[in-house]
Amino acid sequence: MQYSEKVLEHFMHPHNVGKMEAPDATATEGSPACGDQVTVYLKIDKDKLVIDDVTFLSYGCASNIATGSIITDLAKGKTLEEAKKITWRDAMEALDGLPPVKVHCSVLAADTLQSAISNYEIANGLKEIPNFSKDTILEEMKKIIYPKVGEDIVSLKMVKYIGFSDGEVLIDLNIPSFDQWRDNIAEEIREHLEKYPDVKNIQINM
Amino acid sequence: MKQGSIYMDNCITSKPDPQVLAAMQEYFTEKYWYPGSFVSTGEEINTAINRFKEVVASSLNASPDEIHFSSGGTMANNIAIKGLAYAYGQPGGHIICSVVDYPDLLTNAAYLEKMGFDVTYLSADSEGFINLDELKAAIRPQTFLFMTTIVNHVIGTIQPLAEIRQILDDSGHKIYFHADAGQAYGKMHLDLDKLGIDTMAISAHKIHGPQGIGALYQRKGTKLGQLIHGVRRVDNLQTGGLNIALIAGFAKAVELSFADITATEAQLRELSNYLIDKMEATIPHVELNGPRGDRRAPHNVNISIDYIEGEAITMMLDMHGITVATGSACASQGLQANYVLMAIGKNHVQSHGSMKFTLSRYNTRAEIDTVVSKLAEITAELRKRSPLYNAIAEKEQ
């Protein structure tokens, strides 16, 4: 398994790294338990709604640091509307690709950027706190990468059923019992859903 | 700097000694024959193999006919574990090993479980020692096999072999004792006559021998069911061909490693203590995993560097020509935290930030100085980027 030159460059000399004093918005995603955590800080021009400055911190591997670096490069100077369209695929492309087992790092970086933007919009009355629903779960499932091939589990049709009622999440997955990534995917699903206060319990059937 | 110019991952594989390469040479060129009877070529190889067996046997205080060459440590473990199960495992038979064992033992245990045997996995304490009270309690009349990893492959814990044998003997019936000595052999004295181990696997390339060859010790009187069926060329357990040159190289590596094993052990221990002391003195927020002192293998140092992740550290060290290993999930096959560290009660951050240095007789104090100074720089750089460390640094201020 090898990283592209671009990834190594951004890993060794990351752009926009460091804590920002008095940011206009911030978000932290991931968890130390899963081995990666990213924080994104935003400085926003309130009149033009442009990202004047963006920095990040990363606890994680080389690709985690590199994706944090590239996502901040992509977001810098963009309007919020433009930045909201930045996806993990854009980050991955800008890095000349990632090994399949590392694609989840680009998802985490993009996710953290989007959370920071969303936090800004909510805090400044630009949008309402979205209601938690089955759609929220589906959107979160689209952020979970099957490390064997580097695609999300929804595109791969591995999610057979999503249920949600009274705080109980039920997810049926299509994944063979001998698959070496089973535990990893279950962990990722829990990590993505446990952060929502509406979620009380998560049941994953494989 | 040149790739791998400072190599501290000797538990995976080690640099062949030049004398090992020289010893193999003639078996690749003029003496390329197989063992045989009534022909001088075959007889010469017979004699050579017997001599090589003597070398390995004497390093373990065993007799030559208790030594079988195999194509590596994993093969030896398979021949022994499955062989013991075939020979002594009755329906409902019971096996004991532990959650911190080497994958060779754990995957064989899982296979035998599938085949209908019952397996008890003992827990380990915070230093990686298996729980002996659990062992006593787990033994039942159907228990026929106990297996252990003499030196833990992750944290260097040396299991208390004599106490284990005593507990097995106190059960009042014969329990076979299989050991993986991949990390122990060539690093310390192992007197198999005294230890009461029945089968044991060793490997050549971890003691500066060639890759692809190992050996199985089979105590006299211990039966092994046949795992590998085929024509008998070199060994009756691993049938089929075995590379004679590799066996010659293995024997030379054993000779060199055991020429003065006490001195080698002392040299390795001195180096690893120097590495531990230096890291603890230079880098804040680090913690040694596994025991200290002589209950730890002399060549193993495993340390958790808090708030940063091991794959990033490993890659940065690699860019300086330094090869080490990490227990980070990011660098593992299944993206899971290291199972040994988790089993001894470490948290995810400690596991992801764990670095394993395994030394050899070729390593020097000067190399350790370089490694620690680079590691200190890398740690400071990665901590600057880490949200976990920034949060801690703020609190400390």
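Residues numbered from 1 in each chain as written. Chains lettered and ligands numbered in written order. Predicted model: local features only at pLDDT ≥ 70, side-chain atom pairs only at ≥ 80, totals over all residues. Heavy atoms only, no water.

Some details on the overall build of chain B
Check the secondary structure of chain B and you find 14 helices and 15 strands. For a compact globule of 397 residues, the expected C-alpha radius of gyration is about 21 Å, and chain B comes in at 22 Å, within 12% of that figure. Overall, chain B is about 80 × 55 × 35 Å in size when its C-alpha atoms are taken along their principal axes. Across the 397 residues in chain B, those meeting the buried criterion constitute 60%. For chain B, long-range pairs separated by at least 24 residues make up 73% of all intrachain contacts whose partners lie at least 6 apart in sequence. In chain B, which carries 34 positive and 43 negative side-chain charges, the distance between the mean positions of the two groups comes to 2 Å. (Helix = DSSP H or I, 4+ residues; strand = E, 2+ residues; numbered from the N terminus. Rg over C-alpha atoms; globule rule 2.2 N^0.38 Å. Buried < 20%, exposed > 50% of the residue type's maximum accessible area, 1.4 Å probe, protein only. Contact = heavy atoms within 4.5 Å. Lys, Arg positive; Asp, Glu negative; His and termini not counted. Charge placed at Lys NZ, Arg CZ, Asp CG, Glu CD.)

Concerning the environment of Gly 209 of chain B
Residues and elements named next belong to chain B. With respect to the helices and strands, the residue Gly 209 is situated in the loop between β7 (199–203) and β8 (214–218). It is 4.9 Å that separates the C-alpha atoms of Gly 209 and Ala 253, two residues lying 44 residues apart in sequence. Apart from residues lying up to four places away in sequence, Gly 209 is in contact with Pro 16, Val 20, Ala 204 and Ala 253.

What to know about a nonpolar patch on the surface
Taken together, the side chains of Tyr 86, Tyr 111 and Met 115 of chain B make up a nonpolar region of the molecular surface, amounting to roughly 300 Å² of accessible area. Structurally, Met 115 of chain B is set in the loop between α4 (103–114) and β4 (118–122). (Patch = residues over 30% accessible without salt bridge, like charges linked within 9 Å, V, L, I, M, F, W, Y side chains within 5 Å. Areas by Shrake-Rupley, 256 points an atom, 1.4 Å probe, with all protein chains shown as cover. Salt bridge = Lys/Arg side-chain N within 4 Å of Asp/Glu carboxyl O.)

Comments concerning helix α5 (residues 103–123) of chain A
Residues and elements named next belong to chain A. With 21 residues, α5 should cover 30 Å at 1.5 Å per step; its first-to-last C-alpha distance of 31 Å lies within 8% of that length. Judged by how many residues are buried, α5 sits mostly within the fold: 17 of 21 residues are covered. Gly 125 sits one or two residues past α5 and shows a positive phi near 65°. (Expected span 1.5 Å × (residues − 1).)

Some words on the packing of helix α1 (residues 18–28) of chain B against helix α8 (residues 244–258) of chain B
All names here are of chain B. Running from N to C, α1 and α8 point in directions that differ by 155°, and their axes come no closer than 8 Å. Here α8 runs roughly antiparallel to α1, going by the angle between their axes. As α1 packs across α8, the resulting crossing turns out to be right-handed. Contacts between α1 and α8 involve Gln 19, Val 20, Ala 23, Met 24, Tyr 27 and Phe 28 from the former and Ile 244, Ala 245, Leu 246, Ala 248, Gly 249, Lys 252, Ala 253 and Leu 256 from the latter. Looking at the contact of α1 with α8 residue by residue, the class counts come to eleven nonpolar, two polar and one charged. (Axes fitted to C-alpha atoms, helices over the stretch in contact; angles between N-to-C directions. Parallel < 35°, antiparallel > 145°, perpendicular 65-115°, else oblique. Left-handed = near helix turned anticlockwise from the far one by under 90°. Nonpolar A, V, L, I, M, F, W, Y, C, P; charged D, E, K, R; others polar.)

Considering the nonpolar core
Counting 70 residues, the largest nonpolar core has Leu 42 and Ile 51 of chain A together with Ile 313, Phe 357 and Leu 382 of chain B as its most contacted members. Top element by residues in this core is α5 of chain A. It accounts for ten residues. The contact partners of Phe 357 of chain B, leaving out residues within four places of it in the chain, are Met 8, Leu 275, Met 279, His 299, Asn 300, Val 301, Ile 303, Val 324, Val 371 and Leu 375 of chain B. Of all hydrophobic cores here, the second largest spans 68 residues; its members include Ile 158, Leu 161, Leu 190 and Ile 244 of chain B. (Core = buried A, V, L, I, M, F, W, Y, C linked by side-chain atoms within 4.5 Å.)

Concerning the pairing of strand β9 (residues 228–232) of chain B
Each regular strand carries side chains that alternate between the two faces of the sheet. Residue and element names in this part refer to chain B. Of all five residues that make up β9, zero are buried, and the element is exposed over most of its length. Across two bridges, β9 lies against strand β10 (residues 238–240) in parallel orientation. Across the sheet, the residue bridging to Arg 232 is Gly 240, located in β10. (Pairing = 2+ DSSP bridges.)

Structural notes on the pattern of salt bridges
Residue and element names in this part refer to chain A. According to the stated counting rule, one finds 33 salt bridges over all chains in the structure shown. The residue Glu 121 makes a salt bridge to Lys 84 at a minimum N-O spacing of 2.8 Å. A residue pair is termed long-range when its members are at least 10 positions apart, and Glu 121 in helix α5 and Lys 84 in the loop between α3 (80–83) and α4 (88–94) qualify at 37 residues. A salt bridge links Lys 142 to Glu 139; the shortest N-O distance between them is 3.2 Å. On the basis of relative accessibility, which here comes to 43%, the residue Glu 139 falls in the partly exposed class. Here the residues in one salt-bridge network are Glu 29, Asp 111, Glu 140, Lys 143 and Lys 195, joined through shared partners.

Side note on the domain arrangement of chain A
All names here are of chain A. Considered domain by domain, chain A is made up of domain 1 (5–123) and domain 2 (134–205). When each unit is reduced to the centre of its C-alpha atoms, the spacing between domain 1 and domain 2 is 23 Å. Domain 1 puts twelve residues into the contact, and the matching count from domain 2 is 16 residues. Taken over both partners, the interface formed by domain 1 and domain 2 buries close to 1000 Å², and the fraction arising from carbon and sulfur atoms is 53%. Considering only the surface of domain 1 that becomes buried against domain 2, Cys 34, Pro 100 and Asp 111 emerge as the three largest contributors, covering 35% of it. If you look at where domain 1 meets domain 2, you find five salt bridges. Here domain 1 is connected to domain 2 by five residue pairs in polar contact (both at pLDDT 80 or more). Elements supplying a minimum of two residues to the side of domain 1 that touches domain 2: β1 (25–31), α4 and α5. Residue contributions to the side of domain 1 that touches domain 2 peak at four residues, all from α5. (Domains from an automatic or database assignment. Buried area = accessible area lost by both parts, 1.4 Å probe. Polar contact = N/O pair within 3.5 Å; in protein donor to acceptor, adjacent residues only side chain to side chain.)

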